[in-house]
Amino acid sequence: MAGSPRSLLIGEITLCLLPIVTLWFAGSRLKNALSATLALWAGVMICAVILWIATPQLRKDSNMWPIDLVFLAFQTGVPLWAGCLVVLTVRSLAVYAVKNLTRSKP
């Protein structure tokens with residue numbers, strides 16, 4: 001995912017923002033948000049594997065592709081789940097605030 005520390009940081013920020021941008025459309029239920037994040041992660045992994053297969057230099061460069069794949073899964077999964085947790089936290093705070101505001105009206 002990264003050739004340099006800067007590209008790693010950009011990739012992780014992008015992966016963290018991806019659920020924040022897309023999960024607003026997943027609905028308000030926790031199950032929907034978790035399944036949508038899992039689908040995002042699966043899409044990222046499928047794209048990474050397709051790029052790895054399509055690039056001859058990557059295929060010929062490493063004999064340790066199972067370890068690379070597991071490392072890539074963690075490297076992409078952690079920012080995606082962090083973004084999902086941010087969305088769920090903001091949603092729960094918003095629901096809590098709305099309930100308290102409607103309760104305090106006379």
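From a predicted model like this one, the values you see are computed outputs, not experimental measurements.

What counts, and where the lines are drawn
- Residues numbered from 1 in each chain as written.
- Predicted model: local features only at pLDDT ≥ 70, side-chain atom pairs only at ≥ 80, totals over all residues.
- Heavy atoms only, no water.
- Helix = DSSP H or I, 4+ residues; strand = E, 2+ residues; numbered from the N terminus.
- Contact = heavy atoms within 4.5 Å.
- Areas by Shrake-Rupley, 256 points an atom, 1.4 Å probe, with all protein chains shown as cover.
- Core = buried A, V, L, I, M, F, W, Y, C linked by side-chain atoms within 4.5 Å.
- Buried < 20%, exposed > 50% of the residue type's maximum accessible area, 1.4 Å probe, protein only.
- pLDDT = per-residue confidence, 0-100.
- Polar contact = N/O pair within 3.5 Å; in protein donor to acceptor, adjacent residues only side chain to side chain.
- Expected span 1.5 Å × (residues − 1).
- Arc of directions from axis to C-beta.
- Patch = residues over 30% accessible without salt bridge, like charges linked within 9 Å, V, L, I, M, F, W, Y side chains within 5 Å.
- Salt bridge = Lys/Arg side-chain N within 4 Å of Asp/Glu carboxyl O.

The helix and strand inventory of the protein chain stands at 4 helices and 0 strands. What you see in the protein chain, going N to C, is helices and strands ordered as α-α-α-α. Looking at the protein chain alone, contacts between residues at least 24 apart form 72% of all its contacts between residues at least 6 apart. Of the roughly 7700 Å² of accessible surface on the protein chain, a fraction of 74% belongs to carbon and sulfur atoms.

Grouped together as the largest cluster of nonpolar side chains are 5 residues: L23, A33, C84, V87 and L88. Here this core gets 3 residues from one element, more than from any other, and that element is helix α4 (residues 65-104).

This part is about the confidence of the model for the protein chain. Of all residues in the protein chain, 87% have pLDDT values of 70 or greater, and the mean over the chain is 80. The secondary-structure element of the protein chain with the lowest mean pLDDT is helix α3 (residues 56-61), recorded at 74, while helix α1 (residues 5-22) shows the highest, at 85.

A few words on the environment of G77. Locating G77 in the fold gives a position in helix α4. G77 sits 37 residues away from L40 along the chain, and the two C-alpha atoms are 9.4 Å apart.

A few words now on the side chain of T76. Relative to the helices and strands, T76 resides in helix α4. Its relative accessible area of 2% is what places T76 among the buried residues. There is a polar contact of 2.8 Å between the side chain of T76 and the backbone oxygen of L72. At a separation of 3.3 Å, a polar atom in the side chain of T76 contacts the main-chain carbonyl oxygen of A73.

Below, the discussion takes up α1. The terminal C-alpha atoms of α1, which comprises 18 residues, lie 26 Å apart, in line with the 26 Å expected from a rise of 1.5 Å per residue. When we look at burial in α1, the residues that qualify are G11, L15 and P19. Looking down the long axis of α1, one finds its buried residues gathered within 70° of arc, a one-sided arrangement. Exposed residues lying more than 90 degrees from the buried face of α1 are P5, R6, L9 and V21.

Judged by side-chain polarity, L9, I13, L17 and V21 come together as a nonpolar surface patch covering roughly 370 Å² of accessible area. For I13, the position within the fold is in helix α1.

The next thing to look at is the side chain of T37. Residue position: T37 is located in helix α2 (residues 30-54). Discounting residues that sit within four places of it in the chain, T37 has contacts with L23, L80, W81 and C84.

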